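These are the residues of each chain, in order.
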Amino acid sequence: MAMLASSPFFFFPAAPVRPFTRSKITRPPAASHFRTHATSSSDSPSTARRVIGTTAPSITPDAFTSYDHEKEEDDEVTALLLDYQNLLAPPRPIPTSTPTLLRTVEGAVPADFPSGTYYLVGPGLNSDDRGTTVHPFDAHGYLRAFAVDGGSGEVTYSGRYVETEAWKEEYNNEKEGGEVRFTHRGVLSVLKGGNVTKVMKNVANTTVVKWGTRLLCLWEGGLPHVVEQGTLDTIGLFDVDDQMDDPDFPVRSRFDLAPADLFGHLLGRFMKLFAIGIFRGMSKRVLAHYKIDEGRKRMVLAATNTADMFLPRTTFTFYEYDTSFKLLNKRKFCIPEALMIHDWALTDTHYVIFGNRFKLHVPDALRAFSGSSPFLSAFHVDKSRPTSPMYVLPRFSDDAGHRDWRRPIEAPRQLWSVHVANAFEERDEAGNVEIQMQTTACSYDWYNPVKFPGYDWASGRLHPAYMNAGDEFEEKDLIHLFRVTVEMNEKKDSGHCSIEPLSTQWNRSGELPTINPRFSGTRNKYMYFCTSSGYRSSLPHFPFDSISKIDVEKGSVAIWCAEHRRYVGEAFFIPRGDEEDDGYLLLVEYAVAMQMRYLVVLDAKLIGKPEALVAKLEIPKHLFFPWGFHGFWAPTD
């Protein structure tokens, strides 16, 4: 959710996880809401499907397609607690750069499936050989590669740790079998007996993208890492500011501190030195989420200044590269308020920031800097205003009309933005602009990365109560799908923003949204996301066990659900034809009770029908790995 909310830079105070209770958790659908699809004689017992209804009157029973769920004893809390641990923090994955052929256990990779590689990155190592654990988001990144031969239908798998500088320091390869000893506490963990000054631990565990000839693994708090595509060897850091052929490349800054603000200027310089000292020379951090401009064939990265974490301002720098990694556009914006951003939006002529406001809390900061609490516990969400700021920043023109982009267009709800599925802009004949963004967001009150995903930093244990609302919250506080619309007149001197649910027919939590990448930046009809069927009363919202397809025009939802006690990660869309939903979804299914993982191929057109499952391939048991965050499909050149 890591997210999904896969970022270590959602700033909230830390607090111990409450004991797991079920008093406020939604019960599963009643037995009367279940009915069975007829299956053909060729269907094996393992593929018999059951359609699950829901108590929401606006969703018909046909919305859900699922495997058989009959074993009530598996819904016991003890079994599900074990599932939770094995999904998010299993034993250490075994790296292998030698491709392993996967066995097909159901269906077959279709003949029209393209050749390419599905890359998936996520945390892979959150405990060392001394028994010390860290927050899952502070775990070293583990890159998985599924290479598909479209001609033969064969799929091979390989996986390696991203060998960052922190990994090299903490992994002793001179000892037989290797030895791991944590020396960095990370931003979400407390490392007993460690060096409290080693905070920033670039683990490269959040997103992966292949652009041109380079494969990059990104993390929220540092520079991307370049990885060799075949061997998965780590080559080194990708410094965004070293990619300019011309040292005098124009950097357009739309806002600088006024000369009269001498105190603010000096404070900024001091905090920059302070931040660089703490974060070991890192003055800039690249956000984990990139954007692809399909029309212009550009990859866009966004970065913020490290020192701004301690100042009432946020400096965003955007970098646009062509497929040969020539820097075509670089723009810098300094916004006069403290914002924390994990994901953002790109349209034809704008960068769009859905602002998450935060503030430094001095008493908690003293505890955090001393190492007695996680570093991010020093930062609190800023609830002083009931709105959410929308910053619409010009990509190309220095002329933003009469509107001062430093003044946000205030959205009428207070929401913490998590992931953006798509954004696009449309202009009418009069020149008025409408920008629409499809995003996931949650309550300011609920979201807390120090607790996410149920991690208690004091004990080092994982528990599902927080992710399933527990005692303190309701389902509406969790992450949901929203449509954000910004309207600006032709002069751009004013703007209006509205927020509404993406569907009035769907009111359950959902995360990790994705679309057909060919429709990125244009009006789309379909979106796919992870959700839970709600069948397990002890884990009604997370981990996810379903992939949903939503028609954003009609609001209707169809769902494919995994087998019982199996969970799913983010799905990636691979186009097949010209129609928007004509393609395949690639994802990993986690059969944690058996310590097995499967690569799953779904037909995007058939989500909600028994025939949606196209193929399932088994990853050998000894090569299991934790739940992954974000993936990328790279077609063979």
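Model, not experiment: these values are computed from the prediction. (Residues numbered from 1 in each chain as written. Predicted model: local features only at pLDDT ≥ 70, side-chain atom pairs only at ≥ 80, totals over all residues. Heavy atoms only, no water.)

Caption draft 1: Representation of helix α4 (residues 362-370) in the model. All of the buried residues in α4 are D364, A365 and A368. For α4, the angular spread of buried residues about the axis comes to 105 degrees, placing them on one side. Projecting away from the buried face of α4 at angles above 90 degrees are the exposed residues V362 and L366. Those residues of α4 that are buried are in contact with β23 (358-360) and β24 (379-381). Backbone geometry just downstream of α4 places G371 in the positive-phi region, at approximately 90 degrees. (Buried < 20%, exposed > 50% of the residue type's maximum accessible area, 1.4 Å probe, protein only. Helix = DSSP H or I, 4+ residues; strand = E, 2+ residues; numbered from the N terminus. Arc of directions from axis to C-beta. Contact = heavy atoms within 4.5 Å.)

Caption draft 2: Seen up close, the UniProt feature "binding site: Fe cation" (unreviewed entry) in the protein. According to UniProt, the "binding site: Fe cation" (unreviewed entry) feature falls on H342, H419 and H630. Separation in sequence by 289 residues is not matched in space for these annotated residues, since their most distant C-alpha atoms are only 13.1 Å apart. Of the residues named above, H419 and H630 line the largest pocket. Within the local environment of H419, its side chain forms a polar contact with the side chain of H289, the two groups lying 3.3 Å apart. For H630, the location among the structural elements is in strand β42 (residues 630-635). (UniProt positions renumbered as here; feature names shortened; annotations may be inferred. 1 Å grid on protein atoms, 1.4 Å probe; cavity = no way out; pocket = protein on both sides within 12 Å on 5 of 7 lines; lining within 4 Å. Polar contact = N/O pair within 3.5 Å; in protein donor to acceptor, adjacent residues only side chain to side chain.)

Caption draft 3: Inspection of the sheet that holds strand β31 (residues 480-488) at higher detail. Read across the sheet, four strands follow the order β27-β28-β31-β32 without closing on themselves; strand pairing throughout is antiparallel. With one partner strand each, in any of the chains shown, β27 (415-427) and β32 (495-501) form the two edges of the open sheet. Across the sheet, the mean angle separating the axes of adjacent strands is 20 degrees when strand polarity is ignored. (Pairing = 2+ DSSP bridges. Axes fitted to C-alpha atoms, helices over the stretch in contact; angles between N-to-C directions.)

Caption draft 4: The pattern of salt bridges, seen in detail. Evaluation of the coordinates by the stated rule reveals 40 salt bridges. Here K330 makes a salt bridge to D241, at a shortest N to O gap of 2.9 Å. Taken as a pair, K330 in strand β20 (residues 327-335) and D241 in the loop between β14 (234-237) and β15 (252-253) lie far apart in primary sequence, 89 residues in all. The class of D241 is partly exposed, set by a relative accessible area of 27%. (Salt bridge = Lys/Arg side-chain N within 4 Å of Asp/Glu carboxyl O.)

Caption draft 5: Inspection of the nonpolar core at higher detail. Membership of the largest hydrophobic core comes to 134 residues, with the highest contact counts inside it found for L143, F146, M299, Y321, W446 and W560. Of all the elements, strand β39 (residues 583-591) adds the most residues to this core, at seven residues. For M299, the residues in contact, after removing those within four places along its chain, are V209, W211, L216, Y290, K291, I292, Y319, E320, Y321 and F325. Formed by 20 residues, the second largest nonpolar core is a distinct cluster that contains A411, L415, V420 and A423. (Core = buried A, V, L, I, M, F, W, Y, C linked by side-chain atoms within 4.5 Å.)

Caption draft 6: Quick look at helix α1 (residues 77-88). End to end, α1 covers 17 Å across twelve residues, agreeing with the expected 16 Å (1.5 Å per residue, within 8%). Within α1, burial applies to A79, L80, D83, Y84, N86, L87 and L88. At its buried positions, α1 is contacted by β30 (461-462), β37 (567-568), β39 and β40 (596-603). (Expected span 1.5 Å × (residues − 1).)

Caption draft 7: Unusual backbone geometry, seen in detail. That bond from F452 to P453 is cis: its omega, -5 degrees, falls within 30 degrees of zero. Looking at the secondary structure, you find P453 in the loop between β28 (433-443) and β29 (455-456). Following F542, the chain continues into P543 via a peptide bond in cis, with omega recorded as 5 degrees. Inspection of the secondary structure assignment puts P543 in the loop between β34 (526-531) and β35 (546-551). In this structure, L232 takes a positive phi of about 65 degrees despite not being glycine. Here L232 is to be found in the loop between β13 (225-227) and β14. Taking the relative accessible area as the measure of exposure, L232 reaches 2% and is therefore buried. Although it is not a glycine, K297 adopts a positive phi angle of roughly 55 degrees.

Caption draft 8: Quick peek at the packing of aromatic side chains. Within the structure shown, the criterion is met by 39 aromatic pairs. Judged by centre distance (5.1 Å) and plane angle (45 degrees), the ring pair of F146 and Y157 falls under tilted. A residue pair is termed long-range when its members are at least 10 positions apart, and F146 in strand β7 (residues 140-148) and Y157 in strand β8 (residues 155-161) qualify at eleven residues. A single burial state applies to F146 and to Y157, both of which are buried. Through a chain of ring-to-ring contacts, three or more aromatic side chains come together here, namely Y84, F137, W446, Y447, F452, Y466, F542, F544, W627 and F629. The ring centre of W344 lies 5.9 Å from the NZ or CZ of K291, which sits over that ring. The ring of Y598 carries the charged tip of K616 above its face, separated from the ring centre by 5.5 Å. (Phe/Tyr/Trp six-rings, centres within 6.5 Å; stacked < 30°, edge-to-face > 60°. Lys NZ or Arg CZ within 6 Å of the ring centre and 35° of its normal.)

Caption draft 9: Main features of the pairing of strand β25 (residues 388-394). Burial analysis of β25 places seven of its seven residues in the buried class, which makes it a mostly covered element. A two-sided burial pattern is seen for β25, the buried positions comprising S388, M390, V392 and P394 on one face and P389, Y391 and L393 on the other. Here strand β22 (residues 350-354) pairs with β25 via five bridges, running antiparallel. By the bridge assignment for β25, H350 is matched with P394. Bridge count between β25 and strand β26 (residues 409-411): three bridges; the pairing is antiparallel. Bridging from a neighbouring strand, S388 pairs with A411 of β26.

Caption draft 10: The arrangement of the side chain of T439 in detail. Tracing the backbone through its elements, the reader meets T439 in strand β28. Of the polar contacts made by the side chain of T439, one reaches the side chain of S417; its length is 3.4 Å. Sequence-distant contacts of T439, that is, excluding residues within four places in its chain, are made with S417, H419, V420, H480, L481, F482 and V484.

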